[in-house]
There are 2 protein chains.
Amino acid sequence: MSPTTSALAARMAAVRARMSELGIDTLLLSLGADLPWLTGYTAMPLERLTMLVLPLETDAVLVIPQLEAARVQPRPELFSVQPWAETDNPVRLVTGVVGRSRRRLAVSDRTWATFLLALQVELPRSTWTVASTVTGPLRAVKDDDEVAALRAAAAAADRVAADLLSGGIPLIGRTEAEVSRELGDRLVSAGHDAVNFAIVAGGPNAASPHHEPGSRPIGAGEAVVCDFGGTMAGYCSDITRTVFTGDPPEEFRDLYAVLAGAQAAAVDAARVGTSCQAVDAVARDLITAAGYGPNFIHRTGHGIGLEEHEDPYLVSGNRDPLVAGHAFSVEPGIYIEGRWGARIEDIVVATGAGPSSLNQADHALAVVES
Amino acid sequence: MSPTTSALAARMAAVRARMSELGIDTLLLSLGADLPWLTGYTAMPLERLTMLVLPLETDAVLVIPQLEAARVQPRPELFSVQPWAETDNPVRLVTGVVGRSRRRLAVSDRTWATFLLALQVELPRSTWTVASTVTGPLRAVKDDDEVAALRAAAAAADRVAADLLSGGIPLIGRTEAEVSRELGDRLVSAGHDAVNFAIVAGGPNAASPHHEPGSRPIGAGEAVVCDFGGTMAGYCSDITRTVFTGDPPEEFRDLYAVLAGAQAAAVDAARVGTSCQAVDAVARDLITAAGYGPNFIHRTGHGIGLEEHEDPYLVSGNRDPLVAGHAFSVEPGIYIEGRWGARIEDIVVATGAGPSSLNQADHALAVVES
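Residues numbered from 1 in each chain as written. Chains lettered and ligands numbered in written order. Predicted model: local features only at pLDDT ≥ 70, side-chain atom pairs only at ≥ 80, totals over all residues. Heavy atoms only, no water.

Participant: Talk me through the nonpolar core; I want residue IDs and the actual numbers.
Facilitator: Judged by nonpolar contacts, the single largest core of 91 residues is most densely connected at A:L27, A:L28 and B:L27. Discounting chain neighbours no more than four positions away, the residues touching A:L28 are A:M51, A:L52, A:V53, A:V94, A:V98, A:L105, A:A106, A:V107, A:S108, A:L119 and A:W128. (Core = buried A, V, L, I, M, F, W, Y, C linked by side-chain atoms within 4.5 Å. Buried < 20%, exposed > 50% of the residue type's maximum accessible area, 1.4 Å probe, protein only. Contact = heavy atoms within 4.5 Å.)

Right under this line is the structure:
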């Protein structure tokens, strides 16, 4: 999805309003999703600095390496482009726009230390904060086009999940890495432009939430956690389903029933006005009541959009209320060290009419025979 | 290539020696290649902080999110592991190890601003520099195992380049994006674990050095610049060849001859003791003498290893001499806006016996008919 210049102009106006509110003089955007969200241009992670300088009061300037400049779609209504040659000092170009008086600056969260430290040397009187204080709450609220893009990406991920749940992706005897590659290939076939991750964790590995798929072959009689997602037309998908290879023992069925109940209850609790931490607590309390509290070792969810992980985070301590247009994962898990684990994840959008789950793939414990 | 604990211990000793020399009290490593180079562990680019805290005088501690901890291969001789739970404050854990007195700290170049700014708030009396001042010169000198890994990756990339040069990869009528995907698939088939980029730039797009492969079909009678690389057993490949679809006009043959001569001369100049900028000047002077000076708009090369771009950079202004074990690209280019372009790139290692080109794919202008 390439946003229109008028959509970008509206975002820039909202950013300036919020800068004014927060007393930020200049926004400095390099790596991360703030830059494409505001300009349509994505900077490569290079040792050559790309930085949008957006002063509250004057026009924005995109400082960019000369050999990247051809990739920028010019939008002179929004920003001018200042390419720099190989022997120029881009930090000086940025500070030239910022000015040397005392400023309150907000720099994109993923800016590399190498650039931030160089800027701090040149601008010793300025104070610094992260750009997400400005952009986070704005980016977290998705407009209709963004929700449509997230819905399309979720539907594509659902098709891959349906293949997995129906046994269309053989598991037994294949390595986690092989299955991971197949999930990724299927995401691309389903319309994704890029695969961001495809966790496949079988048997005892399923107890490690961020397990790196390896050379271990998946056996019969194992829980297999599959958590995968990618980018489609700029927006991210992220889904987790847990399948069992063969007839699951009673104990695993019980664990899964607790988890599925907690996940469904947390989705249902994700209503406009409810705090992020309250949604986390709904899942956590149910899992804890069933005796699995110490086995749920991560937060319940994260916002999603241009990035896989962004505001809002569903975690204890986050008192911010959900707002219509917030999009986030709801993904409790239960992990039994050395034995097995399970996680269920959907992407959900908070709306005035209640939570809308973008993922529709079946939540029942899937038993696969191959 | 997973380095042995004793190889890592030797690197850590060299790092401490250099910290002492530079007066650095503590090294702080998060994202980037310094961390895997020193610990064997690669941190994911997450909003959850992973950071190795390596004080000059005391033992190193790896502060890591609890749900990533299972991915760490424990090496208690080198560092202890301090996992943090979802509601812990990892910045406080780091500052607890650093200590609150005035310190000289070096932080990895790619550390996100969000973490650096949080650390600066907690450690207001400390001064900061980038970790590459410590690690850059050490990492730039590759040991025999590393050169072997780079050589293997280059040989794999050469096989893909040979397919391209021999016409084994159809170009005419296909889009740049399709050819890019095939180059990536072939890198994986040749043994790469990941594709890092595959630039395909045809016709007028060949004048943009970092062109993003798009929907433009490649036509007959066009220059096509193909620049691709990936990671194999941890180390990177990077090669560029330019082919012509059909019989090249005299003017392009002349341009290519100038470029090939400049590239070969620069490779030959890349000898131990020669400055990085002198190698750049060799290529640039030849291209300038032929009238193409303004059309060579980037530096001649970059170091390569665990990262695609690292020290040493072959660029005007870099007076550092080449050292035996330095590995780097030599990749001049000539770009004629709106018309065509060409680039030739090999990875070269400086040795006591002279420059050793890791890439052996043919340098002659390849004419392909399909």
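Participant: Account for the domain arrangement of chain A, with residues named and values stated.
Facilitator: Residue and element names in this part refer to chain A. The domains assigned to chain A are domain 1 (5–138) and domain 2 (141–368). Put simply, the middle of domain 1 and the middle of domain 2, counted by C-alpha atoms, are 34 Å apart. Facing 8 residues of domain 1, the contacting portion of domain 2 comprises 8 residues. Summed over both sides, the interface of domain 1 with domain 2 buries roughly 570 Å², with 41% coming from carbon and sulfur. On the domain 1 side of the contact with domain 2, R11, A33 and R110 bury the most area, a combined 49% of that side's loss. In this assembly, domain 1 and domain 2 are joined by 3 salt bridges. With its nearest N and O atoms 3.9 Å apart, the salt bridge here joins R11 to D143. On inspection of domain 1 and its partner domain 2, the count reaches 2 residue pairs in polar contact (both at pLDDT 80 or more). Counting residues per element, the side of domain 1 that touches domain 2 draws most heavily on helix α5 (residues 132–140), at 3 residues. (Domains from an automatic or database assignment. Buried area = accessible area lost by both parts, 1.4 Å probe. Salt bridge = Lys/Arg side-chain N within 4 Å of Asp/Glu carboxyl O. Polar contact = N/O pair within 3.5 Å; in protein donor to acceptor, adjacent residues only side chain to side chain. Helix = DSSP H or I, 4+ residues; strand = E, 2+ residues; numbered from the N terminus.)

Participant: Account for the relation of the copies chain B and chain A, naming residues and giving values.
Facilitator: For the pair chain B and chain A, the best superposition has an RMSD of 0.0 Å and corresponds to a rotation of 180° with a translation of 0.0 Å parallel to the axis. Both copies of the chain, as the preceding transformation shows, are related through a two-fold rotation axis. When each C-alpha of chain B is compared by its distance to the rotation axis, B:W112 comes out closest, at 2.6 Å. The fraction of interface residues of chain B whose copies in chain A are also interface residues reaches 100%, indicating that both copies meet through the same surface. (Least-squares fit on C-alpha atoms with pLDDT ≥ 70 in both.)

Participant: I'd love a proper account of the interface of chain B and chain A, names of residues and values included.
Facilitator: Facing 35 residues of chain B, the contacting portion of chain A comprises 35 residues. When the buried area of chain B at its contact with chain A is split by residue, B:L67, B:L117 and B:H210 rank highest and sum to 18% of it. Residues A:R299 and B:E47 are paired through a salt bridge, measuring 2.4 Å at the closest nitrogen-oxygen approach. Our count for the chain B to chain A interface comes out at 17 residue pairs in polar contact (both at pLDDT 80 or more). Of the residues that constitute the side of chain B that touches chain A, the class distribution is 14 nonpolar, 12 polar and 9 charged. (Nonpolar A, V, L, I, M, F, W, Y, C, P; charged D, E, K, R; others polar.)

Participant: Can you break down the pattern of salt bridges residue by residue, with the values?
Facilitator: Residues and elements named next belong to chain A. Applying the stated criterion to the full structure yields 50 salt bridges over all chains. Between E310 and K142 there is a salt bridge, with its nearest N and O atoms 2.5 Å apart. Of this pair, E310 sits in strand β12 (residues 310–314) while K142 sits in the loop between α5 and α6 (144–165), and the two are 168 residues apart along the sequence. Note on E310: relative accessible area 5%, which makes it buried.

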